[in-house]
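One-letter residues, chain by chain:
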Amino acid sequence: MHNRSLQRIPLLRTSVPGLDEILGGGFPAHSLYLIQGLAGSGKTTLACQIGFEQAHQGKKVLILTLIAETHGKMLNHLSNFSFFDDQLVDDRIVFLGAYHDLLKGGLRQLLKSIAASLAEQRPDLLIIDGFRTVREAKPSDVALSEFMLSLNSLVSTMACTTFLLSPTEGNVADSENTLVDGLIELSQYERGLQLIREIKVFKLRGSKHLLGRHVFEVGQDGVAIYPRLEAVSSQSPAMPGAAAGRVSFGIDGWDQLTRGGVARGSTTALLGNPGVGKTLMALHFILDGLKRGEQALFVGFHESPQRLLEKARSVGLDLAPYFHSGALQIIWHPPLEVLVDSLAHHLLENIEQRGVTRLVIDGIDGLREIVMHEGRSRSLLAALVNELRGRNVTTFFTQELPYFGHSAVQSDANASMLFENIVLLRYVDVSGVNVRQIGVLKLRENSYDAANHLLLIADEGMSISGPVPLTVPPPMPNR
């Protein structure tokens, strides 16, 4: 026997944000794919966006419609997107109708029509919109299977990557699902009054795609997909370990409390009651890095950038020059209808582009609130922490505790596995006076002072004093 050399199938790269990543690089070319989903899910937009991107690269695209909708109406809809280019229509992008061929001669006549169009136009990409009409023609299972096999063979012979668009949903054992080379579903997930769009690759022959569902949105630029962070992180190559050294917070008494600071590239959870000073401590941490020439990023859910800068200024922390120079950037999203995967994507992109070494996520509670799927918060947070560690970003998370009681500290037992360092801020009653207290619960790779210490906030910022006293000394008499 002798070895037969096999030619590797080229990939059709779509240039749709995030799509090639979940496909494992792109669609294996010259194959037959089914894109399905209920009405309004974005099938036509996605396919035509791919088509226009291919046409911009000099490829020929044929859009064959099996619906009674006029091409003018379809073009009018597509013209709202930035990828649309009127100059490509009738030149590199050709629209043809085959509805009447199917109506008059059934599947056999439709196949002949497709073959004639491919021979005449010689397209690199074929989009057949309205494929549901084929099913509604009520062919027998055998006839439909023969049609699908013939169509698959035809597009492979003609070296034409083909997309069938159908409004059905679900990986059912129909001929159009089993006899295609790839099956992609666009769907919607609803929770209460909120609704998000999702995409799932059921199968893609010849490619290692990302499993599970991934969110996407349709905007002025068309479809943008945000691969699920857990899936991306699980396939990421091993990243280098944390850089050597320790990171200070720029707070008097902090280095003594932590014996030199936290490990560079580690994650710190700061737990505390409302108003106890979590955000101010985070701003100290950010300013300390900026003064050392580092790039910093602040992600918040409750305070706008201007309010944040004003809060810092009120205690003598001047962040404005760094904000205006771009060394400090602030991503602010009220915890409303925000796609958490979009936020994670832009956060990591910002870190990569600017070389960010210090990050604050102010309000891990806000991050959890925008996670739509129940039970996903922990796996998402674990994936995010893993990505940040791999990039050697020293990260500071704040978490709100109730006004009263300490049960929340014990209930979040998983925090110990997610964060290398855990610090607790809280109010304690000393002789009828509420005083701020700071204590280190966990510090990786370093010893620390385990005693609870006084946390003071003045016009010059924060400072950490000695251990919390049993009583508060009486005020000095007025002179």
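Bear in mind the structure is a predicted one, so any value in this text is a computation, not a measurement. (Residues numbered from 1 in each chain as written. Predicted model: local features only at pLDDT ≥ 70, side-chain atom pairs only at ≥ 80, totals over all residues. Heavy atoms only, no water.)

Some details on the packing of helix H13 (residues 340-354) against helix H15 (residues 377-390)
In step 1: The geometry of H13 relative to H15 is characterised by a closest axis approach of 11 Å and an angle of 5° between their N-to-C directions. The orientation of H13 with respect to H15, classified from their angle, is roughly parallel. Residues Val340, Leu347, Leu348 and Ile351 of H13 form the contact with H15, whose own contacting residues are Leu380, Leu384, Glu387 and Leu388.
In step 2: When grouped by side-chain class, the residues that make up the contact of H13 with H15 number seven nonpolar, no polar and one charged. (Axes fitted to C-alpha atoms, helices over the stretch in contact; angles between N-to-C directions. Helix = DSSP H or I, 4+ residues; strand = E, 2+ residues; numbered from the N terminus. Parallel < 35°, antiparallel > 145°, perpendicular 65-115°, else oblique. Contact = heavy atoms within 4.5 Å. Nonpolar A, V, L, I, M, F, W, Y, C, P; charged D, E, K, R; others polar.)

Points about the sheet that holds strand S6 (residues 125-129)
In step 1: With mixed pairing, nine strands are arranged side by side in an open sheet as S5-S4-S6-S7-S3-S8-S9-S10-S11. Sheet topology places strand S5 (93-97) and strand S11 (222-226) at the edges, where each strand pairs with a single neighbour. Taking each pair of neighbouring strands and ignoring which way they run, the sheet shows an average axis angle of 25°.
In step 2: Both strand S3 (residues 32-37) and strand S8 (residues 182-191) contribute to a ladder of five bridges, which runs parallel. From the neighbouring strand, Ile35 faces S8, where its bridge partner is Ile184.
In step 3: Against the sheet, helix H3 (residues 71-78) engages strand S4 (61-65), S5 and S6, with an angle of about 140° to S5.
In step 4: Along the sheet, helix H6 (residues 141-157) contacts S3, S6 and strand S7 (161-166); its crossing angle with S3, the most-contacted strand, is approximately 125°. (Pairing = 2+ DSSP bridges.)

So, the pattern of salt bridges
In step 1: In this structure the tally under the stated criterion is 14 salt bridges.
In step 2: Notably, a salt bridge pairs Arg313 with Glu310, separated by 2.6 Å at the nearest N-O pair. With a gap of three residues between them, Arg313 and Glu310 both fall in helix H11 (residues 305-314), about one helical turn apart.
In step 3: Note that Arg444 is salt-bridged to Glu420, the shortest N-O span being 3.1 Å. With a gap of 24 residues between them, Arg444 in the loop between strand S20 (433-442) and strand S21 (453-458) and Glu420 in the loop between helix H17 (415-418) and strand S19 (421-430) connect regions that are remote in the sequence.
In step 4: Of the residues examined, Glu420 reaches a relative accessible area of 6% and is grouped as buried.
In step 5: Beyond isolated ion pairs, a larger network of salt bridges with shared partners links Asp288, Arg292, Glu294 and Arg358. (Salt bridge = Lys/Arg side-chain N within 4 Å of Asp/Glu carboxyl O. Buried < 20%, exposed > 50% of the residue type's maximum accessible area, 1.4 Å probe, protein only.)

Observations regarding the sheet that holds strand S18 (residues 394-400)
In step 1: Taken together, nine strands build an open sheet; the order of strands is S16-S15-S17-S18-S14-S19-S20-S21-S22 and the sheet is mixed. Sheet topology places strand S16 (328-332) and strand S22 (461-467) at the edges, where each strand pairs with a single neighbour. Strand-to-strand twist in this sheet, taken as the mean axis angle between neighbours without regard to direction, amounts to 25°.
In step 2: Pairing analysis gives five bridges linking strand S15 (residues 296-300) to strand S17 (residues 358-362), with the strands arranged parallel. Each residue of the ladder has a partner; that of Gly300, found in S17, is Asp362.
In step 3: Contacting S15, S16 and S17, H13 runs over the sheet at an angle of about 170° to S15.
In step 4: Sitting on the sheet, H15 touches strand S14 (267-272), S17 and S18, and the angle it makes with S18 is about 155°.

Thoughts on the packing of aromatic side chains
Remark: the centre distance and the inter-plane angle together describe each pair of aromatic rings, the angle taken between the planes.
In step 1: As enumerated under the stated definition, the model contains 12 aromatic pairs in all.
In step 2: Relative to Phe163, the ring of Phe27 has its centre 4.9 Å away and its plane inclined at 70°; by these criteria the two rings are edge-to-face. Residue Phe27 is located in strand S2 (residues 27-28), and its partner Phe163 is located in strand S7; the two are separated by 136 residues in the primary sequence.
In step 3: The class for Phe27 is buried, based on a relative accessible area of 1%.
In step 4: Relative to Phe147, the ring of Phe131 lies with its centre 6.4 Å away and its plane at 25°, an arrangement referred to as stacked. You can see Phe131 sitting in the loop between S6 and helix H5 (132-136) and its partner Phe147 sitting in helix H6, a full 16 residues away along the chain.
In step 5: Residue Phe131 is classed as buried on the basis of its relative accessible area, which comes to 3%.
In step 6: In this structure Phe147 comes out as buried when scored by relative accessible area, which is 4%.
In step 7: Every member of this aromatic cluster is reached through a ring pair, and the members are Phe52, Phe81, Phe83 and Phe84. (Phe/Tyr/Trp six-rings, centres within 6.5 Å; stacked < 30°, edge-to-face > 60°.)

With respect to H6
In step 1: Taking 1.5 Å as the rise per residue, H6 with 17 residues should run 24 Å; its terminal C-alpha atoms sit 24 Å apart, in good agreement.
In step 2: Buried residues of H6: Leu144, Phe147, Met148, Leu151, Asn152, Leu154 and Val155, and no others. Within H6, the buried residues cover an arc of 165° as seen down the axis, which keeps them to one side. In H6, the exposed residues that point more than 90 degrees away from the buried face are Val142, Leu149 and Thr157.
In step 3: A positive phi of about 55° marks Ala159, the residue just after H6. (Expected span 1.5 Å × (residues − 1). Arc of directions from axis to C-beta.)

Some thoughts on the nonpolar core
In step 1: Counting residues in each nonpolar core, the largest one holds 40 residues, and the members touching the most others are Leu19, Phe27, Ile50, Phe163 and Ile199.
In step 2: If you tally residues by element for this core, the top one is helix H2 (residues 43-56), at six residues.
In step 3: Discounting chain neighbours no more than four positions away, the residues touching Ile50 are Leu12, Thr14, Val16, Leu19, Phe27, Leu125 and Phe163.
In step 4: Counting residues in each nonpolar core, the second largest holds 37 residues, with Leu308, Leu317, Leu425 and Ile438 among its members. (Core = buried A, V, L, I, M, F, W, Y, C linked by side-chain atoms within 4.5 Å.)

Quick notes on the confidence of the model for the chain
In step 1: On average, residues of the chain score 87 in pLDDT, and 90% of them are at 70 or above.
In step 2: Of the regions scoring below 50 in pLDDT, residues 406-413 engages in nine contacts with residues more than four places distant in sequence or in other chains. (pLDDT = per-residue confidence, 0-100.)

Thoughts on the pairing of S11
Successive residues of a regular strand alternate their side chains across the two faces of the sheet.
In step 1: Extensive coverage of S11 is indicated by the burial of five of its five residues.
In step 2: Joining the antiparallel neighbours strand S10 (residues 213-219) and S11 is a turn of two residues.

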